[in-house]
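Architecture at a glance
Each chain, written out:
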Amino acid sequence: MHSIGVEELAAEQSVLGAVFLDSNVLDDIVFLEDRDFSSVRHQQIYKVMRFLEKRGNPVDIITVTEAFERFGGVKNIGGVNYLSNLAASCPTTANVEYYARIIRSKAMERRMKNTADIIKGMSRDDYDSDEEFFSYIENLVSEMRPQDNAKMKTFAEMRQDYFKHLKTPAQYIPTGFEQFDTWAKGLWRKWLFISAGRPSVGKTALLLQRLQGVATQNKGAVLLFSQEMSREQVIDRWLSNATGISYQRIKHKNLDSKDMDKILIAYEAFEDLPLYVQDSAGVTIDEVKATAKQIKKKHGRIAVIAIDYLQIMRIPQKKGESRATAIGNVTGEAKRIAMDLDCCLMMLSQMSRTFETASKPQLSHLKESGSIEQDADVVEFLWHDPADTTSGGKVIQQTIAKGRDTGLNDFRLLFQGYRQRFSELKRES
């Protein structure tokens with residue numbers, strides 16, 4: 001049981017007393033949470049004060065007393081006399097913010113000690129996996145962090161940050177696809193980029209080629225979460241693309257000495273790139289976040305996180321919750337990861353079968369589409385139009401159906417599946 005120190009108790013009484021003197025001081029201590037108060041009755045009093053303020057009611061001894069009496073709890077806080085004593089104990093509101101900072105500092109120290117005790121008593125055996133174990137620890141640590149209740153700022157308060165922003169060059173990450181990069185400037189940090197298509201259009205091959213292009217830009221680490229292919233299978237595809245050696249020959253180990261020489265040279269070039277690959281089925285979005293944070297600490301910055309693909313992730317579904325809602329929770333968290341880690345997060349996604357009867361894909365053709373299209377900054381469809389053909393490979397249409405920063409566009413790509421390589425074609429007039 002935490003014992004309340006004299007300084008801590010006096011600070012809490014001074015803050016509550018200051019509110020009774022002038023409720024406008026609540027604006028000066030907006031950062032303070034009710035859980036920051038060490039005394040339970042002080043927590044309750046402050047919570048009621050904030051409740052009344054939120055409803056636009058006056059905040060004074062009378063209204064606070066009435067609120068407690070309505071719920072039969074005025075005796076639990078020491079009665080009306082205690083509220084009156086609080087008001088009398090604070091002769092001025094001048095130092096309210098100073099005392100509020102003391103309360104917050106003590107609360108952080110208290111939560112840190114409590115969290116440490118919980119972690120000390122935890123057992124790995126109580127969790128199904130290491131990731132679930134570490135995810136719970138991260139959530140505990142996250143709970144220690146104060147809630148940011150003061151995000152609203154005036155232009156005067158935003159001035160310094162804004163002009164710093166203007167002087168900072170825009171950060172785009174080229175992908176190696178000239179037409180796309182010229183139009184969109186490449187991939188943007190903080191984007192959630194969804195690339196969707198039916199099977200056999202080359203979604204994974206295009207993703208791998210993009211990731212290789214990004215990795216050569218020296219813009220940060222590039223992370224791939226591969227859920228259907230092993231690391232070796234992913235590397236097979238990358239090396240086929242880089243060397244021009246048939247993917248099938250690499251896959252079936254049908255290689256001569258010249259092929260091996262080419263592969264060795266290409267592999268050594270890949271070793272110089274900040275490419276990271278994890279091959280595990282059923283990855284969770286929490287695992288993606290935890291892994292990315294570890295890589296960021298090691299590498300300093302992340303350029304792109306890629307997940308192949310969304311619908312086969314391990315997606316927790318609460319009782320009574322629809323599959324689409326559960327997927328929305330994942331895409332919402334993916335967007336937050338992109339924002340927090342200042343990177344582009346790319347997810348491959350399935351298209352629904354309803355597209356097969358359409359002439360061109362629409363956002364509604366995303367499988368379990370609701371939240372996906374809402375959370376994404378860019379939605380790209382890769383699809384095959386049988387009427388559009390050329391020699392040397394399969395023509396794949398690239399339709400940007402949503403572009404929050406870019407607008408919409410269409411591109412034509414030539415997919416040479418035998419070597420896992422895409423190239424841009426001239427646009428049709």
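Per chain, residue numbering runs from 1 following the sequence as it is written. Given that the model is predicted, a residue must reach a pLDDT of at least 70 before its local features are reported, and side-chain atom pairs must reach 80 or more before they are shown or counted; all residues, however, enter totals for whole chains, interfaces and linings. Side-chain measures here rest on the full set of heavy atoms in the structure, leaving out hydrogens and waters.

Taking an unreviewed UniProt entry as the reference, the protein chain is identified by name as DNA 5'-3' helicase belonging to Robertmurraya siralis. UniProt positions are given in the numbering used here, feature names are shortened, and annotations may be inferred rather than shown by experiment. According to UniProt, the comment filed for the protein chain under the heading Catalytic activity (unreviewed entry) is "ATP + H2O = ADP + phosphate + H(+)".

On to the overall build of the protein chain. For helices the rule is a DSSP run of H or I covering at least 4 residues; for strands it is a run of E covering at least 2, with both sets numbered from the N terminus onward. For the protein chain, the count of helices and strands is 15 helices and 11 strands. A globule of 429 residues ought to have a C-alpha radius of gyration of about 22 Å, yet the protein chain, at 28 Å, is considerably larger. Seen along its three principal axes, the alpha-carbon backbone of the protein chain occupies a region of about 90 × 50 × 50 Å. Evaluated residue by residue, the protein chain yields a buried proportion of 46% over its 429 residues. Taking the contacts inside the protein chain whose residues are at least 6 apart along the sequence as the reference set, 65% of them involve residues at least 24 apart. Accessible surface, the protein chain: about 23300 Å² in total, of which carbon and sulfur atoms supply 50%. Only four residue types enter the charge count, namely Lys and Arg as positive and Asp and Glu as negative; His and the chain termini do not. Throughout, a charge is located at the NZ atom of Lys, the CZ atom of Arg, the CG atom of Asp or the CD atom of Glu. Here the protein chain carries 59 positive and 58 negative side-chain charges, and the mean point of each set is 3 Å from the other. The quantity called the radius of gyration is restricted to C-alpha atoms. Its globule counterpart is 2.2 Å times the number of residues to the power 0.38. Note on classification: 1.4 Å probe, protein chains only; a residue is buried when its accessible area is under 20% of the maximum for its type, exposed when over 50%, partly exposed between these limits. Residues count as neighbours in contact if any of their non-hydrogen atoms are within 4.5 Å of one another. The Shrake-Rupley method, run with a 1.4 Å probe, gives the accessible areas here. Residue values count only the displayed protein chains as cover.

For salt bridges, the criterion is a side-chain nitrogen of Lys or Arg within 4 Å of an Asp or Glu carboxyl oxygen. Summed over all chains, the structure comprises 18 salt bridges. Salt-bridge contacts for R111 lead to D36; the nearest nitrogen and oxygen are separated by 3.0 Å. Of the two residues, R111 is situated in helix α5 (residues 96–120) and D36 in the loop between α1 (6–21) and α2 (40–54); the sequence distance between them amounts to 75 residues. There is no split in this pair, since R111 and D36 are both buried. Between D259 and R249 there is a salt bridge; the shortest N-O distance is 2.1 Å. Taken together, the positions of D259 in helix α12 (residues 257–271) and R249 in helix α11 (residues 247–251) put the pair 10 residues apart, joining distant regions of the chain. Residue D259 is classed as buried on the basis of its relative accessible area of 7%. A single salt-bridge network, built from bridges that share partners, covers K190, R301 and D342.

Another point: the sheet that holds strand β4 (residues 221–226). The pairing criterion for strands is at least two bridges between them, as found by DSSP. An order of β5-β4-β6-β7-β3-β8-β9-β10-β11 is seen for the 9 strands of this open sheet, with the pairing classed as mixed. Two strands in the sheet have a free side with no partner beyond their single neighbour: β5 (275–279) and β11 (421–425). Geometrically, the sheet is characterised by an average inter-axis angle of 20° between neighbouring strands, direction not taken into account. Here strand β9 (residues 394–403) pairs with strand β10 (residues 409–416) via 7 bridges, running antiparallel. Axis geometry follows a simple rule: fit a line to the C-alpha atoms, using only the stretch in contact for helices, then measure angles between N-to-C directions, giving values from 0 to 180 degrees.

Within β9, 9 of the 10 residues are buried, leaving the element largely enclosed by the surrounding structure. Bridging between strand β8 (residues 378–383) and β9 involves 6 bridges; their strand directions are antiparallel. Of the residues in β9, the one forming a bridge with W383 is Q397. Linking β9 back to β10 in an antiparallel pair, the connection comprises 5 residues, with G407 at a positive phi of about 90°.

Let us look at helix α9 (residues 203–215). For a helix, the expected span equals 1.5 Å multiplied by the residue count minus one. Counted at 1.5 Å a residue, the expected span for α9 with its 13 residues is 18 Å, and the 18 Å between its end C-alpha atoms agrees. Counting buried positions along α9 gives 13 out of 13 residues, so the element sits mostly inside the fold.

Take the packing of helix α13 (residues 285–299) against helix α14 (residues 323–341) next. One can describe the packing of α13 onto α14 by two numbers: an axis separation of 10 Å at closest approach and a directional angle of 10°. If you check the angle between α13 and α14, you find them roughly parallel. In contact with I285, K289, A292, K293 and K296 of α13, α14 contributes V330, E333, A334, I337, D340 and L341. The class makeup of the residues in the contact of α13 with α14 is 6 nonpolar, no polar and 5 charged. When describing relative orientation, an angle under 35 degrees is termed roughly parallel and one over 145 degrees roughly antiparallel, while 65 to 115 degrees is termed roughly perpendicular and anything else oblique. As a working rule, the residues Ala, Val, Leu, Ile, Met, Phe, Trp, Tyr, Cys and Pro are called nonpolar, Asp, Glu, Lys and Arg charged, and the rest polar, with Gly in that last group.

A patch is a set of surface residues, each over 30% in relative accessible area and not in a salt bridge, joined within 9 Å for like charges and within 5 Å for the nonpolar side chains Val, Leu, Ile, Met, Phe, Trp and Tyr. A cluster of nonpolar residues, Y162, F163 and L166, forms a patch on the protein surface that exposes about 310 Å² of accessible area. One can find F163 in helix α7 (residues 155–167). On the basis of relative accessibility, which here comes to 41%, the residue F163 falls in the partly exposed class.

An α-helical segment advances 3.6 residues per turn. Residues three or four places apart therefore align on the same side. For α12, spanning 15 residues, the distance from its first C-alpha to its last is 21 Å, which sits close to the expected 21 Å at 1.5 Å a residue. Among all positions of α12, only D259, I263, A266 and F270 are buried. Buried residues of α12 fall within an arc of 70° about the axis and therefore sit on the same side. When the buried face of α12 is taken as reference, the exposed residues oriented beyond 90 degrees from it are S257, K258, I265 and E271. Residues of α12 that are buried sit in contact with α9, α10 (231–243), α11 and β5. As used in this structure description, the phrase polar contact means that two N or O atoms lie within 3.5 Å; if the pair is within protein, one of them must be able to donate a hydrogen and the other to accept it, and residues adjacent in sequence are counted only when both atoms belong to side chains. Residue D256 occupies the N-cap position of α12, its side-chain oxygen lying 3.1 Å from the main-chain nitrogen of K258. Each direction from the helix axis to a C-beta atom contributes to the arc, which is the arc of those directions.

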